[in-house]
Amino acid sequence: LRAYHEGMSIPEAIAAARDRIDRATSACGRTDSVHLELAVKTRTPEECREAAAALSEAGLSILLGHNRVQEARATVEAIREVPGARIHLIGPLQSNKINHALACVDAIESLDSPALASKIDARATGTLPVFVEVNVSGEATKHGCSPADVSALIDAVETSAHLQLAGFMTVGLNSPVEADVRSAYAQLRGIRDEAASRLGIEESDLALSMGMSRDLEWAISEGATIVRLGTAIFGERRA
């Protein structure tokens, strides 16, 4: 499913990815929007700025996701040169990096415990959008809370002073079997729908950040509203 080809410029790769997203959205009969988030792990400040500018020039939402706080810190100045650019943290957040994260990201997609929610809330000012990361695949290598622990985490966000529940995130099952991958994504959608009902809000008020370069079509079929693409835009990650 990979769309990236050697020699393709970042704007060309973004256009190709956007075409994949639009085709997938149409194929399953959806009429809502699916946003492209660029996963910029290991990318230089210059590449991040170019990518943000390319999104802007294409008329797309300018959303870049960082796996590591230190890389977000190293690139934030370059990214902020593009008006309207937003930075999300999509990788795990350690307690000793909270202050650094709050200084350079606009949202945290990797909230995975009430304890972390409490620590972030104690240091945040203003309103910080957060996504609850859920390990729906059950793989030991994946981050996120278990589905059984989602309710407690939502409670922690709802009772906080500064955190706002913006949606849910997961890293898909590492499998070539479509039915298995889609089943895990469907589970996250169910978790989102149940949370919306419990909170008395519209399902569309809570984003579903799921799907990457290899499986975005499957994720969109199961309701993804944000897909996180790295290799489809930049090629293979650097070491």
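Conventions we followed
Residues numbered from 1 in each chain as written. Predicted model: local features only at pLDDT ≥ 70, side-chain atom pairs only at ≥ 80, totals over all residues. Heavy atoms only, no water. Helix = DSSP H or I, 4+ residues; strand = E, 2+ residues; numbered from the N terminus. Rg over C-alpha atoms; globule rule 2.2 N^0.38 Å. Buried < 20%, exposed > 50% of the residue type's maximum accessible area, 1.4 Å probe, protein only. Contact = heavy atoms within 4.5 Å. Pairing = 2+ DSSP bridges. Right-handed = clockwise from strand over helix to strand, strands pointing away.

## Let's talk about the overall build of the protein chain
Helices and strands together make up the secondary structure of the protein chain, namely nine helices and eight strands. For the protein chain, the C-alpha radius of gyration of 17 Å lies close to 18 Å, the compact-globule estimate for 239 residues. Considered along the principal axes of its C-alpha atoms, the protein chain spans approximately 50 × 40 × 30 Å. Looking at the protein chain as a whole, 51% of its 239 residues are labelled buried.

## Considering the environment of L60
Looking at the secondary structure, you find L60 in the loop between α2 (45–57) and β2 (63–66). Taking the relative accessible area as the measure of exposure, L60 reaches 22% and is therefore partly exposed. Each residue touching L60, except ones within four places of it in the same chain, is listed here: I14, R18 and L55.

## Topic: the side chain of E71
Looking at where E71 falls in the secondary structure, it is placed in helix α3 (residues 69–80). Non-local contacts of E71, meaning those with residues more than four positions away in its chain, are made with V40, K41, T42 and H66.

## A closer look at the pairing of strand β3 (residues 86–89)
Judged from the four bridges that link them, β2 and β3 form a sheet pairing that is parallel. Note on β3: the bridge partner recorded for L63 is R86. Read from β2 through α3 to β3, the crossover connection turns out right-handed. Pairing analysis gives two bridges linking β3 to strand β4 (residues 107–111), with the strands arranged parallel. Bridged to L89 within β4 is I108.

## A few points about unusual backbone geometry
Here T42, not a glycine, exhibits a phi torsion of approximately 70°, which is positive. Mapped onto the secondary structure, T42 falls in the loop between β1 (35–39) and α2. The class of T42 is buried, set by a relative accessible area of 16%.

## Regarding the environment of A179
Topologically, A179 is positioned in helix α7 (residues 178–199). The spatial distance from the C-alpha of A179 to the C-alpha of W218 is 8.9 Å, given a sequence separation of 39 residues.

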